[in-house]
Amino acid sequence: MRITGIGVEVVSEPKRHAVRDALQLLDRNGRTRLVIETDEGVTGVSDTYFGRLASSPAVLGQILTEQLGPAIVGEDPALIRQIRQKLRALTDYQGTAGLSTYGISAIDLALWDLLGKSLDAPVWKLLGAQRTAIPAYAMVGWLELDVAGLEQVSARAMEQGFRGVKMKVGGGPLTEDVTRIKAVRAVIGPDAPLMVDANQAFDFHEALRRGRVYEELDCRWFEEPLPADDTEGHIRLADKLDLPIATGENRYGQAAFRDLVAGGGVGVIQPDLRRAGGLTDCLEIGLMAAGFGIPYASHGGGAHIHVLAALPNTIYVESGLLPSDGRVELVDGCYPLPPGPGLSSWDG
Ligand SMILES: [Mg+2]
């Protein structure tokens, strides 16, 4: 089988309900859809999501159409790692990190989808799954919500059967975080995991000061306490807190995870499919972390569920509230694996 061409479709529209974390307003529903075509009629599809910046989906579309797509025409789509190597070399001059990596990830995911469809099997089966369902928590505690809104959405998440809840912190003073965390804890009960996420908002001393308080409030982990690329800061912080540091969603490529993992700067590793380099890189980062005994919790869900099914060190999939159409239900706090061929997911 050979790749004969690609198709790209771009969507960029305002989000109906904008959400806020400590540093950014996420007000867009942007998407770049990639379709890889072959001479045998089998196709592979991936969707790359953008939460802000109206122009990003189109810029990625241009990188795929003019640069990365032509480079994979004629290749055997089963040689996923060989194609990755070719695309990394191609983008080295302009910088492989950033939107180049988004493009490489989009191709990687579409190739896995294509492989699964060509064999009529879900990708989690091709990867040799370790489990048939993934424990799930709900990221619902956005900063634009007042305390009443936070309580309401946390209750809804628990009603839907999620194991626990994640909430944003760092939007105001520490006293505000404490009030909000206590409110959510009162709703979800003493035993459900409650995670806090600062989205890189703090410097080292503020992260340490707040981290000690989050620890006292029995939070399950402290996510992105520092700027994502501050490896040395993460290592020092992890040394001073018992609370696990969770990070990884804003690191590009697996080399960016090596020193963080080896130095003990991360207690829960959280790669993002788009930024880490696709399914292949997330899988390899997860296995590297497994070698150090570090648990893996994905940034986001969707196609990531196939990686989570396969890794030995998976602890959670991240999700929003379940879709209201009832297409998926949690069983014992877990997402079941999607049965369809390729990279099928519950996203629709
Ligand atoms: Mg996060």
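What this report covers is the structure whose coordinates are included nearby.

What counts as what
Residues numbered from 1 in each chain as written. Predicted model: local features only at pLDDT ≥ 70, side-chain atom pairs only at ≥ 80, totals over all residues. Heavy atoms only, no water. Phe/Tyr/Trp six-rings, centres within 6.5 Å; stacked < 30°, edge-to-face > 60°. Helix = DSSP H or I, 4+ residues; strand = E, 2+ residues; numbered from the N terminus. Buried < 20%, exposed > 50% of the residue type's maximum accessible area, 1.4 Å probe, protein only. Lys NZ or Arg CZ within 6 Å of the ring centre and 35° of its normal. Pairing = 2+ DSSP bridges. Axes fitted to C-alpha atoms, helices over the stretch in contact; angles between N-to-C directions. Expected span 1.5 Å × (residues − 1). Bend = angle between axes of the 7 residues up to and from the residue. Contact = heavy atoms within 4.5 Å. Core = buried A, V, L, I, M, F, W, Y, C linked by side-chain atoms within 4.5 Å. Domains from an automatic or database assignment. Donors = N, O, S within 2.8 Å, 3.2 Å for Na, K, Ca; no water.

It is worth spelling out the packing of aromatic side chains at this point. Aromatic rings in a pair are described by how distant their centres are and how their planes are angled relative to each other. Counted according to the given criterion, the structure contains six aromatic pairs. Considering the side-chain rings of Tyr-137 and Trp-221, the 5.5 Å spacing of their centres and the 85° angle between planes classify their relative orientation as edge-to-face. One end of the pair, Tyr-137, is in strand E4 (residues 133-141); the other, Trp-221, is in the loop between helix H7 (204-216) and strand E7 (222-223), and 84 residues separate them in sequence. Of the two residues examined, Tyr-137 and Trp-221, each falls in the buried class. Arranged with centres 5.8 Å apart and planes meeting at 90°, the rings of Tyr-137 and Tyr-316 form a pair that is edge-to-face. Of the two residues, Tyr-137 is situated in strand E4 and Tyr-316 in strand E11 (residues 314-319); the sequence distance between them amounts to 179 residues. As far as the burial class goes, Tyr-137 and Tyr-316 line up, both buried. Ring pairs connect the aromatic residues Tyr-137, Trp-221 and Tyr-316, which therefore count as one cluster. It is Arg-236 that lies over the ring of Phe-204; its NZ or CZ is 4.0 Å from the centre.

Read from one edge to the other, the open sheet built from three strands follows the order E1-E2-E3, with strand pairing classed as antiparallel. This sheet does not close on itself; its edge strands, each paired only once, are strand E1 (3-20) and strand E3 (43-50). Each neighbouring strand pair of the sheet contributes to a mean axis angle of 15°, computed without reference to strand direction. Across eight bridges, the pairing between strand E2 (residues 25-38) and E3 is antiparallel. Counterpart to Arg-31 in the pairing with E3 is Tyr-49.

Further remarks concern helix H1 (residues 56-72). The α-helix winds at 3.6 residues per turn, so residues separated by three or four positions along the chain end up facing the same way. Helix length check: H1 (17 residues) gives 22 Å between terminal C-alpha atoms against 24 Å at 1.5 Å per residue, within 8%. Of all the bends in H1, the greatest measures close to 40° and is centred on Leu-64. Buried within H1 are the following residues: Ser-56, Pro-57, Leu-60, Gly-61, Ile-63, Leu-64, Leu-68, Gly-69, Ala-71 and Ile-72. Packing partners of the buried residues in H1 comprise E1, E2, E3, helix H2 (80-91) and helix H3 (99-118).

Another point: the nonpolar core. With 89 residues, the main nonpolar core has Ile-107, Tyr-214, Phe-222 and Tyr-335 as its most contacted residues. For this core, the element with the most residues is H3, which contributes ten residues. Two domains each put at least three residues into this core: domain 1 (3-118) and domain 2 (124-336). With residues near it in sequence (within four places) discarded, Ile-107 still touches Leu-34, Ile-36, Leu-64, Leu-68, Ile-72, Ile-83 and Leu-87.

Looking now at the coordination of the magnesium ion. Coordination of the magnesium ion by the protein comes from Asp-197 (OD), Glu-223 (OE) and Glu-249 (OE), over a distance range of 2.0 to 2.3 Å. When the donors of the magnesium ion are listed by position in the chain, the intervening gaps give D-x25-E-x25-E. Placement of the pair is Glu-223 in strand E7 and Glu-249 in the loop between strand E8 (245-247) and helix H9 (255-262), with a sequence separation of 26 residues. Judged by its relative accessible area of 1%, Glu-223 is buried. Since its relative accessible area comes to 7%, Glu-249 is described here as buried.

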